[in-house]
Amino acid sequence: VQSFFRKRLIVVPSLRVGAIQTEQFEEDLRADFLFKAGGDGVVLPVRGYADATIDACGGRRRNTWCADELPDATDVVDTIPTVGGRAMLLGSLELRWPTFLIDDFWFTAFSDVGAVAADWGAMNPDRFHPSVGGGLRYLVTGQIPLRIDIAYPLRDTAFAPQTARVHFNIF
């Protein structure tokens, strides 16, 4: 976190990189063991997308990790659960500035991006799902932020249409 102009502009960058190495088969792992991204109600948030809709297979049916599968529009089905991946990359850049009208209220503008792949060999530019948005922060007791954000995904997923979403969160 970096502040400028006597703490009147705050820049908050973030970067998350993850990898999972296991000898177990996918079927033997807990459903939440592998990476899934999207939304803000999950461990890997990408505002603008629904929770856990950024997955390793892009909504396609899979036989073995879907890393070598080509997209096939006829193979996408709404009832397929998201498939977690073993490689993850997320980034965010957020700018915050005070409203100057009410103490402890701040405006924010942000951009998030997230990618999940079956493994690092399958990570490519097509996996990245960016979003942009803005919001309002209220600092309870001057320290604990209540957040409300409106974000727009710049790509669609097989599980959710490309439409603006409202996110409400604490911290």
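See the structure shown above.
So, here is what we can say about the structure in this document. Throughout, a residue's number is its position along its own chain's written sequence, starting from 1. Confidence filtering applies because this is a predicted model: local features only for residues at pLDDT of at least 70, side-chain atom pairs given and counted only at 80 or more, and all residues used for totals across whole chains, interfaces and linings. For side-chain calculations, the full set of non-hydrogen atoms in the structure is used, while hydrogens and water are omitted.

1. Here's the deal with empty space enclosed by the protein
Right, so step 1: A cavity, in this analysis, means grid points on a 1 Å lattice covering only the protein atoms where a 1.4 Å probe fits yet has no way out; a pocket is instead an open set bounded by protein on both sides within 12 Å along at least five of seven lines, and a residue lines either one if it has an atom within 4 Å of a point. Grid points are joined across faces, edges and corners, and a volume is the space filled by probe spheres set on the points. The full count for this structure, using the stated rule, is 1 cavity of 30 Å³ or more.
Right, so step 2: Each pocket or cavity is described by its volume, and for the largest cavity that value is around 40 Å³.
Right, so step 3: Around the largest cavity, the lining residues are Gly48, Tyr49, Ala50, Pro153, Arg155, Asp156, Thr157, Ala160, Pro161, Gln162 and Arg165.
Right, so step 4: Residue classes in the lining of the largest cavity are distributed as 5 nonpolar, 3 polar and 3 charged. Residues are grouped as follows: Ala, Val, Leu, Ile, Met, Phe, Trp, Tyr, Cys and Pro are nonpolar; Asp, Glu, Lys and Arg are charged; every other residue, Gly included, is polar.

2. Observations regarding the layout of surface pockets
Right, so step 1: Here the second largest pocket is characterised by a volume of approximately 340 Å³.
Right, so step 2: Contributing to the lining of the second largest pocket are 18 residues, with Ser14, Pro45, Arg47, Ser92 and Arg147 lying nearest its centre.
Right, so step 3: Under the DSSP-based scheme used, a helix requires at least four consecutive residues in state H or I and a strand at least two consecutive residues in state E, with every element numbered from the N terminus. Elements with a minimum of two residues in the lining of the second largest pocket: β2 (9-19), β3 (87-98), β4 (105-117) and β7 (165-170).
Right, so step 4: For the lining of the second largest pocket, the element with the most residues is β3, which contributes 5 residues.
Right, so step 5: Counted by class, the lining of the second largest pocket contains 7 nonpolar, 4 polar and 7 charged residues.

3. Notes on the side chain of Ser131
Right, so step 1: Mapped onto the elements of the fold, Ser131 is located in strand β5 (residues 129-140).
Right, so step 2: A distance of 2.5 Å separates a polar side-chain atom of Ser131 from the backbone oxygen of Arg47.
Right, so step 3: The contact rule is simple, with two residues in contact once any of their heavy atoms fall within 4.5 Å. Residues contacting Ser131, with those up to four places away along its chain left out, are Val46, Arg47, Tyr49, Phe110, Ser111, Asp112, Tyr152, Pro153 and Leu154. In the analysis that follows, any N or O atom pair within 3.5 Å is treated as a polar contact, provided that within protein one partner can donate a hydrogen and the other can accept it, and provided that, for residues neighboring in sequence, both atoms belong to side chains.

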